[in-house]
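Reading the structure
Now for the letters of each chain:
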4 protein chains.
Amino acid sequence: MQNSIILTITCPVRVGIVAAVSGFLTAHEGFIIEAAQYGDPDSQRFFQRIVFRRGDHSPSIEEFRQLFGPIAERFGMDFQMHDAARKTRVAILVSKFGHCLNDLLHRHQSGTLNAEVVTVISNHPDMRALVEWHGIDYHHLPVTAVTKRDQERQIEAVLREKGVELTVLARYMQVLSPELSAALSGRCINIHHSFLPSFKGAKPYHQAHARGVKLIGATAHYVTDALDEGPIIDQEVSPVDHTYTADDYVKIGSDIESVVLARALRYHTEHRVLVNGMKTVVFK
Amino acid sequence: MQNSIILTITCPVRVGIVAAVSGFLTAHEGFIIEAAQYGDPDSQRFFQRIVFRRGDHSPSIEEFRQLFGPIAERFGMDFQMHDAARKTRVAILVSKFGHCLNDLLHRHQSGTLNAEVVTVISNHPDMRALVEWHGIDYHHLPVTAVTKRDQERQIEAVLREKGVELTVLARYMQVLSPELSAALSGRCINIHHSFLPSFKGAKPYHQAHARGVKLIGATAHYVTDALDEGPIIDQEVSPVDHTYTADDYVKIGSDIESVVLARALRYHTEHRVLVNGMKTVVFK
Amino acid sequence: MQNSIILTITCPVRVGIVAAVSGFLTAHEGFIIEAAQYGDPDSQRFFQRIVFRRGDHSPSIEEFRQLFGPIAERFGMDFQMHDAARKTRVAILVSKFGHCLNDLLHRHQSGTLNAEVVTVISNHPDMRALVEWHGIDYHHLPVTAVTKRDQERQIEAVLREKGVELTVLARYMQVLSPELSAALSGRCINIHHSFLPSFKGAKPYHQAHARGVKLIGATAHYVTDALDEGPIIDQEVSPVDHTYTADDYVKIGSDIESVVLARALRYHTEHRVLVNGMKTVVFK
Amino acid sequence: MQNSIILTITCPVRVGIVAAVSGFLTAHEGFIIEAAQYGDPDSQRFFQRIVFRRGDHSPSIEEFRQLFGPIAERFGMDFQMHDAARKTRVAILVSKFGHCLNDLLHRHQSGTLNAEVVTVISNHPDMRALVEWHGIDYHHLPVTAVTKRDQERQIEAVLREKGVELTVLARYMQVLSPELSAALSGRCINIHHSFLPSFKGAKPYHQAHARGVKLIGATAHYVTDALDEGPIIDQEVSPVDHTYTADDYVKIGSDIESVVLARALRYHTEHRVLVNGMKTVVFK
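The rules we used
Residues numbered from 1 in each chain as written. Chains lettered and ligands numbered in written order. Predicted model: local features only at pLDDT ≥ 70, side-chain atom pairs only at ≥ 80, totals over all residues. Heavy atoms only, no water. Buried < 20%, exposed > 50% of the residue type's maximum accessible area, 1.4 Å probe, protein only. Helix = DSSP H or I, 4+ residues; strand = E, 2+ residues; numbered from the N terminus. Pairing = 2+ DSSP bridges. Right-handed = clockwise from strand over helix to strand, strands pointing away. Polar contact = N/O pair within 3.5 Å; in protein donor to acceptor, adjacent residues only side chain to side chain. Contact = heavy atoms within 4.5 Å. Buried area = accessible area lost by both parts, 1.4 Å probe. Salt bridge = Lys/Arg side-chain N within 4 Å of Asp/Glu carboxyl O. Least-squares fit on C-alpha atoms with pLDDT ≥ 70 in both. Nonpolar A, V, L, I, M, F, W, Y, C, P; charged D, E, K, R; others polar. Phe/Tyr/Trp six-rings, centres within 6.5 Å; stacked < 30°, edge-to-face > 60°.

1. Here's the deal with the pairing of strand S6 (residues 115-122) of chain B
All names here are of chain B.
- Most of S6 is tucked away: seven of the eight residues are buried.
- Inspection of the sheet shows strand S5 (residues 88-94) paired to S6 by seven bridges, in the parallel sense. Each bridged residue has a counterpart across the sheet, and for Ile92 the counterpart in S6 is Val120.
- In terms of handedness, the path from S5 via helix H3 (residues 99-109) over to S6 forms a crossover that is right-handed.
- Pairing between S6 and strand S7 (residues 138-140): three bridges, direction parallel. Bridge pairing links Ser122 to His140 in S7.
- The β-α-β motif built from S6, the intervening helix H4 (residues 128-133) and the parallel element S7 has right-handed crossover chirality.

If you want it as structure tokens, here you go:
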């Protein structure tokens, strides 16, 4: 991915977008490696993701951004250009269940996570040894109902200081305040341990067990100020039967959670996810 | 399955049940082909399903039922004995979507459905040709809000007359009245076109599309008087992405519906499903 | 899909293809509805599928084909343009297992199959009643080892006479001769009842049962003269366990076969499948 | 699982087994918690797994084993009784890919692995830091073609010294010699990174990529002296498409491998797997 740029575009549906963009890239010696697009018939919004390689005489990424300005303006585009080789700076928030954290740290260490984990924050001390063994800062920030906003301000300070671009709630068992949710909008992914919209809120595996479902699931979604209502990025399920206890659900579910969260993280950090109102466009 | 009997048992958890039952069968030359059991730690109810083959000097099924009486009484058992070779008499109710009906009729015709479809009832005339081509009676019983209970009484008359043991709602788009639901309790399976408990009620695929889920599903469950709340027998899902319209969901979902309904029907007619409060025990 | 054209392109990877094609379409008032592309790093071949809507002053599809000639020549493209509203003319070949045939005919009748089934050919008489009830011609062409090439020439005559564009082997239990395989190359889809490349050849479910696998599968692929070796279009699996007999595999497998074959048929008739040597590019 | 015993039985199919066993348990105040059985119509072998809780006046496990002897003899049974609370002693063998190892160690540490990992052995030094951080012995035993049998004797010495009951090949990239395979027969699980029997031997993901399959898989199986031919315990698959490189297969596959291996390990250590010739009976 050396010398490549990922361009994402959102704009109203119109004739000529693809021609304008690809003409622009060809004119500046950009060679298109991947391209995907989607026009939503409901919202009449157009979404595009292009990965292109810079040629020998191509402009720099900063120049590309500037040169693209007039086209963006003509079509009313929101656009972003990312250096494909640059890793997203990620903070992981966790409480006491360490399976998602451990999974992400292992991917981080073995070089298969397309992200730089720059800090781990927790309201509990339990994961410190694991995190520090990986050579990553661990911030233990306890929280009570009374201190919630204070603790969140501390979190925000860490995120700012570390230049965090994406916050991952890897079984962080605190509901973010509307203020923090808003501040992290579009830059915060949560793993919820049910197949949303079933079983929102607390103890979803126990809810699922009580209902007698035959599949349990996990959902990775962007955090919004409506609890477990944010745009869904990915979901997965696993079969269960009557012999499984709610505790078995927790064990089986933890495998699905790890896989779904890692996948959502990859989609996000490869800039494959574009938000479309309450939904997502995911260019896999 | 010639000369075999399926015994199902529900009773409070106690020591000695398995020994008493298997001792009884051995004493009467019953050879156990399949056996499955489950003790629910929550409800403290015990569930068992045994398939046994009659020996040369075994009693008849009627005698077996009688002889088993004292054991059943001792342990407080509800029990049933079914001739394994006898096919359950089934009525199918349908409206305008014919995919589940067609799937069941094809299985019926090719001999892979463990059931005798004795009648098809519909509030629309559309499926008459298909059903009659299969040599099965078709009852067109139109319905309006005003005539609902009258129409249901006509349905009940057909079910009675045909000796129906199981009623299958194969995309029958009318909500049964509490009276009819109660009358068919435990003997009526519905296919709901969502992954319950998500998206109860009308137009679940459109609800799912609006929410932007990444998997859609179907649920086969027993009908109760609480809409889409009955004990779940089986569920299945299929992946979707942002490019699928609600109409695509309908198409993809119809395949899942057919498969899940056929599977639930097989479980029921092989006497593999025991109801446990609001849940099911399914001995696959 | 009224007034829309599906353009598929295969050519060597080069700079400027996307810009040239989208520029061409914009110049002739073609509005791009869907677009997908892929450059294979191994074969250095480029694949593209574009669906565009003709504008008020756009050329006809015949003129579009002609006008596109110089671009195709410049980039060494193989290309096709299809009227998106036109249904592919399909022949179904079948033997004695009718589940795939029944499934396709039901989709055909209910309008969800993007194809016109113009004839059904079989080496057995069994499916005649079903097919003729659907108002479709049924050709019973028996075959023996000795008469194989003769029978195949009869098949070819029917395909020619009916203007068949795609031949579907829906559990047709005869191996096509190399001559017929070659004649139908890229225009003939087979459903094989295993997860290829496991269990090629005869009785794959019995092979799978003997091996004790924990998942069984089905594979839709293009027919080539190497048995069960053609480019794979789609695959699916279903779990099994030790209690399933080989006959159970046959029953369960038949559901997977129907679904996979219908899906492959949809991909092909929507011109989503491009052959890449021994593999396929499928733009879902 | 305190005070509970897991009884597994294999013997020829005969009348009266279930009654004899359950009568025996009842007579000694054993309360049956779980029971599963299967009679294989092909091999005419009977398999049973029973979990029972000892009563206040029940014999000890050693006495139970002795008392059961006459019944075992009468029916020609192979049987085992395991203390359900006792954890199996496990050795993990690994080479350079650490994802399965890391996954198992995390489950070990968080208490969800029903096993005691007593040693890790590797032909490479890479995983030492991870393993020792978990407080587990790491044996680095390099190997060449010439030293293979010597190294294997060192492995056997470690296994003996540590009292290892199950050896897990967690992406150990050496083929065991026939001698070692035989010595570990039934006590050694391998994870193969393909959906067996497809793609045996080396580089299965690259084989799968070259063939153009649409699903890739992983298989956990007992090791025998025939490479990748041993009895299969569990399998899983994941969808891929034309855009995935062989390296992508490796990444995606590693998630499936971890999950399947952990599941097979759980089945084995809960004594749910009984070998039936070249196949397995798995009582889930």
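2. Brief notes about the side chain of Thr219 of chain D
All names here are of chain D.
- Following the sequence through the fold, Thr219 ends up in strand S10 (residues 215-222).
- Judged by relative accessible area, which is 0%, Thr219 ranks as buried.
- At 2.7 Å, the side chain of Thr219 forms a polar contact with the backbone oxygen of Ser194.
- A distance of 3.0 Å separates a polar atom in the side chain of Thr219 from the backbone nitrogen of Leu196.
- Those residues within four positions of Thr219 in sequence are excluded, and the remaining contacts are Asn190, Ile191, His192, Ser194, Phe195, Leu196, Ile232, Asp234, Gln235 and Val260.

3. Let's talk about the interface of chain B and chain A
- Residue-level contacts link 31 residues of chain B with 31 residues of chain A.
- For the chain B and chain A pair, buried surface summed over both sides reaches about 2700 Å², with 58% attributable to carbon and sulfur atoms.
- On the chain B side of the contact with chain A, Arg211, Lys214 and His242 of chain B bury the most area, a combined 27% of that side's loss.
- Remark: the boundary between chain B and chain A carries zero salt bridges.
- On the surface where chain B and chain A come into contact, there are 15 residue pairs in polar contact (both at pLDDT 80 or more).

4. Focus: the relation of the copies chain B and chain A
- In screw terms, the move from chain B to chain A is a rotation of 180 degrees and a rise of 0.0 Å along the axis, fitting with an RMSD of 0.0 Å. Interpreted geometrically, this transformation is the action of a two-fold axis. Relative to the rotation axis, the closest C-alpha in chain B is found at Ser198 of chain B, a distance of 2.5 Å.
- Looking at chain B, 100% of its interface residues are interface residues in chain A too, so the copies touch through the same face.

5. A short note on the interface of chain A and chain C
- Counting residues at the interface gives 14 residues for chain A and 14 residues for chain C.
- Buried area between chain A and chain C, summed over both chains or domains, comes out near 1200 Å², and the portion from carbon and sulfur atoms is 69%.
- On the chain A side of the interface with chain C, the three residues burying the most area are Val15, Phe31 and Gln37 of chain A, jointly 36% of the side's total.
- For the interface between chain A and chain C, the tally reads zero salt bridges.
- Between chain A and chain C we count one residue pair in polar contact (both at pLDDT 80 or more) in total.
- Elements that contribute at least two residues to the side of chain A that touches chain C include exactly helix H1 (17-27) and strand S2 (31-40) of chain A.
- Class assignment for the residues of the side of chain A that touches chain C results in seven nonpolar, five polar and two charged.

6. Some words on the packing of aromatic side chains
- Evaluated as defined, the whole model comprises 24 aromatic pairs over all chains.
- Ring geometry for Phe52 of chain B against Phe64 of chain B: centres 5.0 Å apart, planes inclined by 65 degrees, an arrangement best described as edge-to-face. A residue pair is termed long-range when its members are at least 10 positions apart, and Phe52 of chain B in strand S3 (residues 45-53) and Phe64 of chain B in helix H2 (residues 61-75) qualify at twelve residues.
- Judged by relative accessible area, Phe52 of chain B falls into the buried class, the value being 0%.
- Phe64 of chain B sits in the buried class, given a relative accessible area of 0%.
- Taken together, Phe24, Phe52, Phe64, Phe68 and Phe79 of chain A form an aromatic cluster joined through their ring pairs.

7. With respect to the environment of Tyr249 of chain D
Residues and elements named next belong to chain D.
- Here Tyr249 shows up in helix H8 (residues 246-269).
- The exposure class of Tyr249 is buried, given its relative accessible area of 2%.
- Spatially, the C-alpha atom of Tyr249 lies 20 Å from that of Leu169, the residues being 80 residues apart in sequence.
- Not counting chain neighbours up to four residues away, the residues in contact with Tyr249 comprise Tyr205, Ala208, His209, Val213, Ile216, Val240 and Tyr244.

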